[in-house]
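# What the coordinates show
Spelled out, the chains give:
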Amino acid sequence: MIKRGRYFVPPLNDSSDFKELFKYLVSVGAGLPADQTGLPAGSWTPELLASTISQFDSNESGVELRTVQHWFQENDRGISTDNIHWLARVFGCDDPDAVSAWRVELSAANGRLAAKRRDKRSGQKLGVVPTTEAVEGVETDTSGNDPRRADMAKPIRMPGLAGRTEAIFSTHASLGLPVIVFAAATALGLMSFSLNIHSVVFTPPTGMPKQVGFLWAPNWTIVFMALLPAYFAVLINLLRTWKNEWRPNLSKLTDPKSRNPSWAGRVAMASYAYWAVFGVTVAIASGFNWVETHLIPLLTGKAGNWAVDWGRIAIFRPDLISAPSAIVFSGLVFLLNAFGSYLFFTGLIILYSVTDDFVDFVRKLGRSAPVEQRGFVERVGRSIMVGVFRCTSLGLMITILMKLQASFLLSESVDIVEWMAVDGLNAFRSDRMQFYKYGFGQSAPGHYYSFFCLIIIVAVFIVCAARIRAVLAHVGSLNRDAASRIPWVVMNGVMVLLTTTYILVGVFPGFTILLIVSFVVAAYFTIRPASGRKISSTKREYDASV
């Protein structure tokens, strides 16, 4: 039987206990989406069932994967009253009548399981009255505490790669992430001193001497010691504020009967995007890139057409660092790059998820919402956009430094500071710098990698800004004066300035002046965005409005 596009099995009304009934329903695929033949598509797994329950609109707390795994195991544990409700919605295909019937059936089966469990405890003293939790068969954790209280006290654990990644940014331990990245980058800098590759002037067979030391590469030093930790700090603050403050308050404004995915369900729906980012950043951009540009050249002693840097200097200067030491050090550097790149791009997914979640809430309000509520919604939307702007502007600064280092390796200057100084002076002279004299025919992967990063970052900013502005217009913006439009103009202008700077790096003489100006402007508005209101004030203003 098909009900609401899912394979429905009516209640059996037999003498099965919960374990027997659950095992049967899982085996026949009750509640799964039905295919064209009317049969269930796929089969139930603990991960799939936990994800399905977590996606129910009114289930803010979700369900732990460990709890669902207990249902699949051969044991005498039952199920709590709350989880009976969610399981009834799964097997009842979210049909009100079917859900009610399955709640009765599951509760009766759970009671029969509790009765069997009491019969097995023949060694217990007579006259002991079982507690309500024992009758209901509540899932208990190893500490023996009430699981419903534990669910409220502990952070929600979402299964899968997406859930674990989201937890990195939203738990109490998340504040240590920027410190970890900074400490790892500092440790690599100290290791470069020990390996004597922190500052190396290399003279190629044909061309000018060039500084290729590790500490002279801004894409490894400034990025991982300053910009990336700042990006993580801003993202963590935005996500935690959204989950703990803004989202619960917006939930109070919407109709409880309206269907809106829980945050856990929204994260679970993006699981494929998380896996795609993991494959691209870890397997390709870091793993394959390291093997192709560092491991193979160091093993074969042939630099190929790659520009010589701190990672390949062992091929030409084995007196400074041996090939095995260079392999280990470059491997650690690219391991940090894999970790940072993955979290950076999943951070962009989180930015979009927060925006998408906000848009879904606001669309349910409409223009009929009171003025106070619409004012609160607008302030939250602008605060979210400020967070998106901060993260994406920091991301563009990272991509600019990546291209800057790649362009320097193909230039004819000795070190990057001299190169930028001469470029700044060239803006006032008639001659032109030659960026590709050094190692003609060579290439730097940073050019291509940074370009794709640029496209993704700009796309996230444009999409988030467009959706937030559109949904605020849907509910009716309260502030239509010129002052209220200034933050949007400033954010768009800074992004255009940073994008233009990226395009002109290493191409247009005098780009250094534009780079300095854009970094100063972006840093100023990132630290003190022209939002007109403090983000932390939204909760206080919301409380005053309701």
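Residues numbered from 1 in each chain as written. Predicted model: local features only at pLDDT ≥ 70, side-chain atom pairs only at ≥ 80, totals over all residues. Heavy atoms only, no water.

Scanning the protein chain for helices and strands turns up 19 helices and four strands. For the protein chain, the residues scored as buried account for 52% of the 546 residues in total. Residue pairs at least 24 apart in sequence account for 74% of intrachain contacts in the protein chain once pairs closer than 6 positions are excluded. Accessible area for the protein chain stands at about 25,200 Å²; split by element, carbon and sulfur atoms hold 63% of it. (Helix = DSSP H or I, 4+ residues; strand = E, 2+ residues; numbered from the N terminus. Buried < 20%, exposed > 50% of the residue type's maximum accessible area, 1.4 Å probe, protein only. Contact = heavy atoms within 4.5 Å. Areas by Shrake-Rupley, 256 points an atom, 1.4 Å probe, with all protein chains shown as cover.)

Let's shift gears to the pattern of salt bridges. A full pass over the atoms with the stated rule returns 13 salt bridges. In this structure, lysine 116 engages aspartate 17 in a salt bridge whose closest nitrogen and oxygen atoms are separated by 2.9 Å. A residue pair is termed long-range when its members are at least 10 positions apart, and lysine 116 in helix α5 (residues 96–120) and aspartate 17 in the loop between β2 (6–7) and α1 (18–28) qualify at 99 residues. Assessed through its relative accessible area of 36%, lysine 116 is described here as partly exposed. Given the relative accessible area of 5%, aspartate 17 is considered buried. Residue aspartate 357 is joined to arginine 247 by a salt bridge in which the shortest nitrogen-to-oxygen separation is 2.4 Å. Placement of aspartate 357 in helix α13 (residues 323–363) and of arginine 247 in helix α10 (residues 222–253) is noted, with a sequence separation of 110 residues between them. In this structure aspartate 357 comes out as buried when scored by relative accessible area, which is 0%. Residues joined by salt bridges that share partners form a network here, namely Arg247, Arg266, Asp356, Asp357, Asp360 and Arg467. (Salt bridge = Lys/Arg side-chain N within 4 Å of Asp/Glu carboxyl O.)

The relative placement of two aromatic rings is captured by the distance of their centres and the angle of their planes. If you walk through the whole model with that rule in mind, you get 24 aromatic pairs. An angle of 10° between the planes, with centres 5.8 Å apart, marks the rings of tryptophan 220 and phenylalanine 224 as stacked. Tryptophan 220 sits in the buried class, given a relative accessible area of 12%. Aromatic ring contacts, followed pair by pair, group Phe18, Phe22, Trp71, Phe72, Phe91 and Trp102 into a single cluster. Sitting over the ring of phenylalanine 8, lysine 3 keeps its end group 4.9 Å from the ring centre. Looking at lysine 403, its charged tip hangs above the ring of tyrosine 502, at a distance of 4.7 Å from the centre. (Phe/Tyr/Trp six-rings, centres within 6.5 Å; stacked < 30°, edge-to-face > 60°. Lys NZ or Arg CZ within 6 Å of the ring centre and 35° of its normal.)

On to the packing of helix α9 (residues 177–194) against α10. Direction vectors running N to C along α9 and α10 enclose 170°, while the axes themselves pass 8 Å from each other. With respect to α10, the axis of α9 lies roughly antiparallel. Between α9 and α10, the residues in contact are Leu177, Pro178, Val181, Phe182, Ala185 and Thr186 and Phe224, Met225, Leu228, Pro229, Phe232, Ala233 and Ile236, respectively. Partitioning the contact of α9 with α10 into residue classes produces 12 nonpolar, one polar and no charged. (Axes fitted to C-alpha atoms, helices over the stretch in contact; angles between N-to-C directions. Parallel < 35°, antiparallel > 145°, perpendicular 65-115°, else oblique. Nonpolar A, V, L, I, M, F, W, Y, C, P; charged D, E, K, R; others polar.)

Here we come to helix α8 (residues 160–170). Taken together, the buried positions of α8 are Leu161, Ala162, Gly163, Thr165, Glu166, Phe169 and Ser170. Here the buried face of α8 lies against α9, α10, α11 (263–269), α12 (271–300) and α13.

What follows concerns the confidence of the model for the protein chain. Here the protein chain averages 81 in pLDDT, and 82% of its residues register 70 or above. Within the protein chain, α9 carries the highest mean pLDDT (95), whereas helix α7 (residues 147–153) carries the lowest (36). In this model residues 125–155 is a low-confidence stretch, pLDDT under 50, and it forms 39 contacts with partners more than four residues away in sequence or in other chains. A low-confidence stretch, residues 433–442 (pLDDT under 50), is modelled with 31 contacts involving residues beyond four sequence positions or located in other chains. (pLDDT = per-residue confidence, 0-100.)

This paragraph deals with the packing of α8 against α12. Running from N to C, α8 and α12 point in directions that differ by 80°, and their axes come no closer than 8 Å. In terms of their interaxial angle, α8 and α12 are classed as roughly perpendicular. Counting all contacts with α8, which are made through Leu161, Ala162 and Thr165, the residues of α12 involved are Ser271, Tyr274, Trp275 and Phe278. Its residues placed into classes, the contact of α8 with α12 shows five nonpolar, two polar and no charged.

Glancing now at a nonpolar patch on the surface. Where nonpolar side chains cluster on the molecular surface, the patch consists of Leu190, Phe193, Leu215, Trp216 and Val417 and spans about 470 Å² of accessible area. With respect to the helices and strands, the residue leucine 215 is situated in the loop between β4 (210–211) and α10. (Patch = residues over 30% accessible without salt bridge, like charges linked within 9 Å, V, L, I, M, F, W, Y side chains within 5 Å.)

With respect to the helices and strands, phenylalanine 428 occurs in the loop between α15 (416–426) and α16 (445–475). Along the chain, phenylalanine 428 and glycine 510 lie 82 residues apart, while their C-alpha atoms are 8.0 Å from each other.

All right, on to unusual backbone geometry then. In this structure, arginine 4 is a non-glycine residue whose phi angle is positive, near 55°. When you line up the elements, arginine 4 lands in the loop between β1 (2–3) and β2. Residue cysteine 93 is not a glycine yet carries a positive backbone phi of 55°. The topology assignment puts cysteine 93 in the loop between α4 (81–91) and α5.

Before going further, it helps to spend a moment on the nonpolar core. Nonpolar side chains in soluble globular proteins tend to be buried together. One finds Phe169, Tyr231, Trp242, Leu250, Phe358, Ile384 and Leu404 to be the most contacted residues of the largest nonpolar core, which totals 112 residues. The leading source of residues in this core is α13, at 19 residues. The residues contacting tyrosine 231, other than those within four sequence positions of it, are Leu343, Phe344, Gly347, Leu348, Cys391 and Leu394. Ranked by size, the runner-up nonpolar core spans 33 residues in total, among them Phe8, Leu21, Ile79 and Val99. (Core = buried A, V, L, I, M, F, W, Y, C linked by side-chain atoms within 4.5 Å.)

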